[in-house]
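Observations on chain architecture
Chain by chain, the residues run as shown.
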Amino acid sequence: MEEKSTDPQILVIGESLIDIVQREGEKPQSCPGGSPMNVAIGLGRLGHSPTLATWFAQDKYGKMITKHCEESRVTILPGSDQAPRTSTAMAQLDEHGHATYTFDIDMSLPVLPEAIPPLIHIGSLGALLQPARDVVLPYCQRAQDTSMIFFDPNVRPSIMGSPDTVRPVVEEYIRTSTVVKVSDEDLAWLYPSPDIFHAHAKRWLEGGTTRLVVVTLGSKGARALTAQSEFTVPAHTTSDMVDTVGAGDSFMAGLISETIACGYLEKSLGLELGEEPEIVEYILQRASQVAGITVSRAGANPPWHDELDRKLT
């Protein structure tokens, strides 16, 4: 793959695991996955050099994760391979390519870097499950004044517990985050009430460091809100959709990548994010295009930067 210039340090924190994907009438297929690792892989392929703080074992599945990261220019934080076993997720796909997950998770983390990096991505099991949560949340609280933090709760009801249990933790993370991306399904589970997008997105923008809230809507695209503007971005259309595995993670990777490319990492921790609506809309469109390429092939397989450029011409 063609090399692209790198940029400031990116730390992605959270789970890596093996997705055991079951399609009707086919043999199960095993492939590396986990929402934060998928984001790291997407960033690596888009030309960045992220470091992944994660948790897996030195077993056959762990070797798959190590190889997957190496091939996509992701550095694994030392100590991440000390788990007793590598976690797995059974992904059952329906006729529309949507996945339902059953997890076998050991969610711990290595010691996180003492030096806080300028950009941090957190989400899903690595942010919301114990004992990792007791490491990640204080780290983000310590970093919120010096780092741009991207957060995707990516809730998994089958393993996280009830909405009443998860919601307060999600709110704590949002208060530390610069950019929050959440799916419409996650919102509906966390906040079963009318007008959940406006009611909660506006509150998040007023309650802490958050500058941009994005809600992905599957085939309907995405909506986003800043303090100044609202956006609606259509999904990147594709006639050859295979499945939706990793689509939201690819969207997040595109969101982070384009936010960096547009210079917002250097603009007072995103304080100006939203004051230039045409640029924010461009960032959202690019993120949608990254996700659109991912759904056109099996599994969490995000595009490389030169592949994305070909799709846009």
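Look above for the structure.
Our subject in this report is the structure included herewith. (Residues numbered from 1 in each chain as written. Predicted model: local features only at pLDDT ≥ 70, side-chain atom pairs only at ≥ 80, totals over all residues. Heavy atoms only, no water.)

Okay, helix H4 (residues 133–143) next. If you check which residues of H4 are buried, you get Val136, Leu137, Tyr139, Cys140 and Ala143. Angular distribution of buried residues about the axis of H4 spans 160 degrees; they occupy a single face of the element. Of the surrounding elements, those touching the buried residues of H4 are strand S1 (10–13), strand S8 (119–123), helix H3 (124–128), strand S9 (148–152) and helix H6 (163–176). (Buried < 20%, exposed > 50% of the residue type's maximum accessible area, 1.4 Å probe, protein only. Helix = DSSP H or I, 4+ residues; strand = E, 2+ residues; numbered from the N terminus. Arc of directions from axis to C-beta. Contact = heavy atoms within 4.5 Å.)

One can describe the packing of H4 onto H6 by two numbers: an axis separation of 9 Å at closest approach and a directional angle of 30 degrees. Classified by the angle between their axes, H4 and H6 sit roughly parallel to one another. In this structure, H4 crosses over H6, and the sense of that crossing is left-handed. Contacts from Arg133, Val136, Leu137, Cys140 and Gln141 of H4 reach H6 at Val169, Glu172, Tyr173 and Thr176. Among the residues forming the contact of H4 with H6, the class breakdown is five nonpolar, two polar and two charged. (Axes fitted to C-alpha atoms, helices over the stretch in contact; angles between N-to-C directions. Parallel < 35°, antiparallel > 145°, perpendicular 65-115°, else oblique. Left-handed = near helix turned anticlockwise from the far one by under 90°. Nonpolar A, V, L, I, M, F, W, Y, C, P; charged D, E, K, R; others polar.)

Moving on, we come to the pattern of salt bridges. Two side chains of opposite charge can pair, provided their charged atoms sit close to one another. In total, this model carries eight salt bridges according to the counting rule given. We note a salt bridge from Lys181 to Asp152, for which the minimum N-O separation is 3.3 Å. One end of the pair, Lys181, is in strand S10 (residues 179–183); the other, Asp152, is in strand S9, and 29 residues separate them in sequence. The same class applies to Lys181 as to Asp152, namely buried. (Salt bridge = Lys/Arg side-chain N within 4 Å of Asp/Glu carboxyl O.)

Before going further, it helps to spend a moment on the packing of aromatic side chains. Taken as a whole and judged by the stated rule, the model has two aromatic pairs. Measuring from ring centre to ring centre gives 5.2 Å for Phe151 and Tyr173, while their planes differ by 25 degrees; the resulting arrangement is stacked. Here Phe151 is found in strand S9, whereas its partner Tyr173 is found in helix H6, with 22 residues between them in sequence. Relative accessible area serves as the criterion here: at 0%, Phe151 is assigned to the buried category. One Lys or Arg, Lys60, reaches over the ring of Tyr61 and ends 5.4 Å from the middle of that ring. (Phe/Tyr/Trp six-rings, centres within 6.5 Å; stacked < 30°, edge-to-face > 60°. Lys NZ or Arg CZ within 6 Å of the ring centre and 35° of its normal.)

Bringing helix H9 (residues 247–261) into the picture now. Relative to the 21 Å expected for 15 residues at 1.5 Å per residue, H9 spans 21 Å between its end C-alpha atoms, a close match to the ideal helical length. With 13 of 15 residues buried, H9 is to be regarded as a mostly interior element. Where H9 ends, the next residue or the one after it, Gly263, has phi of about 85 degrees, a positive value. (Expected span 1.5 Å × (residues − 1).)

What the nine strands build is an open sheet, ordered S5-S4-S1-S8-S9-S10-S11-S12-S13; its pairing is mixed. The open sheet has two free edges, formed respectively by strand S5 (75–76) and strand S13 (230–233), since each of these has just one partner strand. The strands touched by helix H1 (residues 35–45) are S1, strand S4 (51–53) and S8; relative to S1, the strand with the most contacts, the crossing angle is about 155 degrees. (Pairing = 2+ DSSP bridges.)

Turning our attention to the nonpolar core. The biggest cluster of nonpolar side chains holds 53 residues, and the ones touching the most others in it are Ile13, Met107, Ile122, Leu128, Val166, Tyr173 and Trp204. Residues within four places of Ile13 in sequence aside, it is in contact with Pro36, Ala53, Leu109, Leu112, Ile120, His121, Ile122, Gly123, Val136 and Tyr139. Counting residues in each nonpolar core, the second largest holds 43 residues, with Ala40, Leu52, Val179 and Leu265 among its members. (Core = buried A, V, L, I, M, F, W, Y, C linked by side-chain atoms within 4.5 Å.)

Contact geometry of H1 with H9 gives a least axis separation of 8 Å together with a crossing angle of 45 degrees. Taken together, the axes of H1 and H9 lie oblique to each other. The way H1 lies across H9 gives a crossing that is right-handed. Counted together, Ser35, Asn38, Val39, Gly42 and Leu43 of H1 and Asp249, Met252, Ala253, Ile256 and Ser257 of H9 form the full contact between these two elements. A breakdown of the residues in the contact of H1 with H9 according to their chemical character gives five nonpolar, four polar and one charged.

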